[in-house]
Amino acid sequence: MEYIYSAMLLHSAGKEITDANVKKVLEAAGVKADDARIKALTASLEGVNIEEAIKSAAVPVAAAAPAAAGGSGGAPAEDKKKEEKKKEKEEEQVSEEEAAAGLGALFD
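Throughout, a residue's number is its position along its own chain's written sequence, starting from 1. Since the coordinates come from a predicted model, pLDDT governs what is reported: local features require at least 70, and pairs of side-chain atoms require 80 or more to be given and counted, while whole-chain, interface and lining totals use all residues. Where side-chain values are given, they derive from all heavy atoms of the structure, hydrogens and water being excluded.

Caption draft 1: Geometry of the pattern of salt bridges. Just to be clear on terms, a salt bridge is a Lys or Arg side-chain nitrogen sitting within 4 Å of an Asp or Glu carboxyl oxygen. In this structure the tally under the stated criterion is two salt bridges. For K39, the salt bridge is made with D19, and the minimal N-O distance between the two is 3.4 Å. Remark: D19 occurs in helix α2 (residues 19-28) and K39 occurs in helix α3 (residues 35-45); sequence separation between them is 20 residues. Accessible area is worked out with a 1.4 Å probe on protein chains only. A residue is then buried under 20% of its type maximum, exposed over 50%, and partly exposed in between. In this structure K39 comes out as exposed when scored by relative accessible area, which is 52%. Looking at D19, the relative accessible area reads 27%, which means it is partly exposed. Where K23 meets D35, a salt bridge forms, and the shortest distance between an N and an O atom there is 3.3 Å. Within this pair, whereas K23 is found in helix α2, its partner D35 is found in helix α3, the two being separated by 12 residues in sequence. Under the relative-accessibility criterion, K23 is labelled partly exposed at 29%. Runs of E in the DSSP output that reach at least two residues are strands. Runs of H or I that reach at least four are helices, and both are numbered from the N terminus.

And the structure:
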């Protein structure tokens, strides 16, 4: 993750994301830089619009945040589970009633 963070820091600072710059950031943070990982990172970021990538990654988080912050984000799911359990109980009761009715017919 440190490698990605270093690239994001460079981007945020308006600096070019190069092997040398990423290595400088990592070393400044006290991370032992791996040249192969740095090359892989910079190669994978070539041609990527980082602003667009951040925006597209932030949309699901932004949509989920209000539900989690409201404290009732799980309420619809919980209501649905309760509803399903209620239906199962009703079905069990019907089955028990049918079974009892069937047994009652034996004694008529």
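Moving on from the coordinates now.
Caption draft 2: A look at the packing of α2 against α3. As a packed pair, α2 and α3 sit with axes 9 Å apart at the nearest point and diverge in direction by 125°. Between α2 and α3, the interaxial angle falls into the category oblique. The two elements α2 and α3 cross, and the hand of that crossing is right-handed. Side by side, α2 and α3 meet where D19, V22, K23 and L26 of the first sit next to D35, I38, K39, L41 and T42 of the second. Just so you know the grouping, Ala, Val, Leu, Ile, Met, Phe, Trp, Tyr, Cys and Pro go in nonpolar, Asp, Glu, Lys and Arg go in charged, and all remaining residues, Gly too, go in polar. By residue class, the composition of the contact of α2 with α3 is four nonpolar, one polar and four charged. In this analysis, axes come from line fits to C-alpha atoms, helices being fitted only over the stretch in contact, and the angle between any two N-to-C directions falls in the range 0 to 180 degrees. By definition in this entry, angles of less than 35 degrees are roughly parallel, angles greater than 145 are roughly antiparallel, angles of 65 to 115 are roughly perpendicular, and the rest are oblique. Here is the rule for handedness: rotate from the far helix to the near one, and if that takes an anticlockwise turn smaller than a right angle the crossing is left-handed, while a clockwise turn gives right-handed. Here, two residues are considered to be in contact whenever any of their heavy atoms come within 4.5 Å of each other.

Caption draft 3: Examining a nonpolar patch on the surface more closely. By definition, no residue in a patch forms a salt bridge, and every one has over 30% relative accessible area; like charges are joined within 9 Å, nonpolar side chains (Val, Leu, Ile, Met, Phe, Trp, Tyr) within 5 Å. To be clear on the numbers: accessible area is Shrake-Rupley with a 1.4 Å probe, and residue cover counts the displayed protein chains and nothing else. A cluster of nonpolar side chains, namely M1, I4, Y5, M8 and I54, defines an oily patch on the protein surface of about 510 Å² accessible area. Residue contributions to the nonpolar patch peak at three residues, all from helix α1 (residues 2-12). As for its position among the elements, I54 is in helix α4 (residues 50-69).

Caption draft 4: Fine view of the side chain of T42. Here T42 shows up in helix α3. Excluding anything up to four places from it in sequence, T42 contacts I17, T18, D19 and V22.

Caption draft 5: Representation of the environment of E2. Note that E2 resides in helix α1. Counting along the chain gives 20 residues from E2 to V22, while the straight-line C-alpha distance between them is 9.8 Å. Not counting chain neighbours up to four residues away, the residues in contact with E2 comprise L26 and V31.

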